[in-house]
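Take a look at the letters that make up each chain.
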Amino acid sequence: MTDDAQELIGDYKYGFHDPENSTIRFDKGLTEQVVRDISELKNEPEWMTDIRVKSYRHFVERVMPEWGNCSLLNMIDFENVTYFLRSSDKTEKSWDDVPDDIKNTFDRLGIPDAEQKWLGGVTAQYESEAVYHSIREDLEEQGVIFLDMDSGLKQYPEIVKKYFGTVIPHSDNKFSALNTAVWSGGSFLYIPKGVHVEMPVQAYFRINAKNMGQFERTLIIADEGSSVHYVEGCTAPSYSTDSLHSAVVELIAMDGAKIRYSTVQNWSSNVYNLVTKRAVAHRNATVEWVDGNIGSKLTMKYPSVLLKGEGAHAEVISVAYAGKGQHQDTGAKVHHLASNTTSNILSKSISKDGGRSSYRGLLQVTPKSTGCRSKVVCDALILDSDSRSDTYPTMEIGNSTSDLEHEASVSKVSSDQLFYLMSRGFSEEEAMGLIVNGFFEPFTRELPMEYAVELNKLLELEMEGSIG
Amino acid sequence: MADEILRIENLHVSVEGTPIINGLSLTINRGEIHAIMGRNGAGKSTLANVVMGHPAYEVTSGSIFFKGQPLEELEVFERARAGMFLSFQYPAAIPGVQVGTFLKKSVASVRENPPKGRAFRKELNAAMEQLSMDKSFLSRYVNDGFSGGEKKRLEILQMLLLQPHLALLDETDSGLDIDALRIVAQGINEVAENSACLIITHYQRLLDLVKPDYVHAMIDGVIVRTGGPELALELEDKGYDWLEVSA
């Protein structure tokens, strides 16, 4: 094993943390006053304050979900979370102006480098707010709006007011209520009619402080006939106490538009990752969720698509890797609300070292939506006998003219595969890494190459030092 | 002077407590081709697998040496890196791993001075051409959905690229039509020139194309007779019963 790899086998490559130099830090715990203070601090219009307060009240009344990993969920101590932390007074447009300690973090994560090479725009969020933001000039000239959500609300209040919370109402679930009450940061992206954004735009989310709660809010609107690929990455330091990441992401694909939203979530294993992601696809629009979950303590995330217009298409490709002490409860939901809509769901999960992965899916075809087609494939790979995989698929099919397929498989790495690869010069760990990368290949091939390479490296590292 | 590659001394092997190989000895020098023939269940494949280090096979007594070094100290991948190669009877499929990537990584971990970049591609192209393999092979997943013949060709392709000192060929001829057999045999002959070769087979037909220096008849986990190529013909003709009597 190389020294490099050895060094990284502290389990988690991004587990470093930098000194915390906050300019504003709220006391831990959540009250209506905290919610009002956040809104006031951000100088928000009254309607947003009202939404926040209404959401807070709903959050307090709403019981915890009674499904999923309840024992882990009930361990969340909402009173021990910092709900707002400002680490820089403004969002910079040049990396040079970002405070050194924060810039240092993003340098180590390779973000400025990636931006120069292959991105159309970047938002970097540190704790509660964006510290850096940029977009290529040519995109701006075509009318593309790419801002952090706070700036989006300031500069385009009418668009935000029109769409905010329309895909995911605050009352959707306890965590969407929490997010709507205390949201901060996230991305606001608008693509004008007919504009195709060729290079992916990226948002990077970093939690640095202990017991931090990060509640970013993202709204993406692709106007008629436009297309965009949005990529998000997430990491956090490894602390012995828990952090909470609870985002809400709303996508709106107008007629004939295409949105691809790719995530590589690699939170440290002390982070609760409870995220609501949902899209609306209008006539002949396409929405693709490409969702990779490698890190976190508990992830509960089920990217959804409402196929509202005839001919709309949804694609959800997800992978989950559940290692020691991790539970990845992930899946996909597609609602066929119009005729001749189509969807593909591919879910791949790996459980290792006692980790648990669950697929939870919903496929709905309403009685009036005729001629729909859908295919769901769930594959689970279990690497040892301590680990676990479950599948909870739900199908509600309202008519007989629709065509649905569902396939599920659970497999183990065979000794024949290991022996074969080892006889070709691969160590047991390398062999495991190859098998795992191969298993995830249908997912990684959908990622921009730089991400795919990174993900493969990550998985290879996960395989190292852990085979006895 | 003979350059000894493989030496097996009084080897006993069990699988889950059942003895399969019962006192087998064999020495193979560089440049020699040995063929082991025997009925199903005689222990031929066990021999190939145990030499390569399959964990399911237990060496209960005896020793195996590769270039003078006792093999029990070496893990499977270390054996491969030392220059041992097994062409599998049933190669495992590795879904999602492309043949091209796999070959490149394998060559990089096994060969001492592995060719890189353009040099590797050149070597790869030449070997594939020799085996009449289409370029499209490289983007397929390793053995995934391959026909029997395609799997065997991929095994031989790996052998050509890995340039082993010892090649163990387990039933490489099964599932090949005559044209494919000819192509595969040509590959084996090329590698055999500079290495030690152990061919495990049921049939004479591969041995028409790859001339063995020695033929061993195996019954119940021991070599009961050793001869030249003529022994293979005799076995094909008479079967094994006559040896059983004399054993």
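Residues numbered from 1 in each chain as written. Chains lettered and ligands numbered in written order. Predicted model: local features only at pLDDT ≥ 70, side-chain atom pairs only at ≥ 80, totals over all residues.

With respect to the sheet that holds strand β1 (residues 4-15) of chain B
Picture the strands of a sheet paired through backbone hydrogen bonds; they go either parallel or antiparallel.
Residue and element names in this part refer to chain B.
And then number 1: Pairing within the open sheet is antiparallel, and its four strands lie in the order β2-β1-β4-β5. If you trace the sheet from one side to the other, it starts and ends with β2 (18-29) and β5 (69-70), each paired once.
And then number 2: Relative to β5, strand β4 (residues 57-66) is paired through two bridges, and the arrangement is antiparallel. In the sheet register, phenylalanine 65 faces β5, and the bridge partner there is proline 70. (Pairing = 2+ DSSP bridges. Helix = DSSP H or I, 4+ residues; strand = E, 2+ residues; numbered from the N terminus.)

Things to note about the interface of chain B and chain A
And then number 1: The interface is formed by 20 residues belonging to chain B together with 20 residues belonging to chain A.
And then number 2: Contributing elements (two or more residues each) for the side of chain B that touches chain A: α2 (76-82), β7 (94-98) and α3 (99-110) of chain B. (Contact = placed C-beta atoms within 7 Å.)

Side note on the nonpolar core
And then number 1: Counting 203 residues, the largest nonpolar core has Ala253(A), Ile259(A), Ala279(A), Ala281(A) and Leu168(B) as the members making the most contacts within it.
And then number 2: At eight residues, helix α12 (residues 428-444) of chain A tops the list of elements feeding residues into this core.
And then number 3: Counting contributing residues, this core receives three or more from each of domain 1 (13-415) and domain 2 (416-468) of chain A.
And then number 4: Discounting chain neighbours no more than four positions away, the residues touching Leu168(B) are Ala48(B), Val51(B), Met52(B), Phe85(B), Leu86(B), Ser87(B) and Leu198(B). (Core = buried A, V, L, I, M, F, W, Y, C linked by C-beta atoms within 7 Å. Buried ≥ 20, exposed ≤ 12 C-beta atoms within 10 Å, placed from the backbone. Domains from an automatic or database assignment.)

A closer look at the sheet that holds strand β13 (residues 258-265) of chain A
Residue and element names in this part refer to chain A.
And then number 1: Sheet architecture is open: ten strands sit in the order β4-β3-β7-β10-β13-β15-β18-β20-β22-β24, paired in mixed fashion. Because the sheet does not close on itself, it has two edges, and the strands there are β4 (129-135) and β24 (403-412). Between one strand axis and the next, the sheet turns by 10° as a mean value, whatever way the strands run.
And then number 2: Strand direction decides the pairing type here: strand β7 (residues 201-206) and strand β10 (residues 227-235), joined by six bridges, are parallel. Bridge pairing in β10 links glutamine 202 to valine 231.
And then number 3: Contacting β15 (286-293), β18 (313-322), β20 (342-351) and β22 (373-382), α12 crosses the sheet at an angle of about 160° to β20. (Axes fitted to C-alpha atoms, helices over the stretch in contact; angles between N-to-C directions.)

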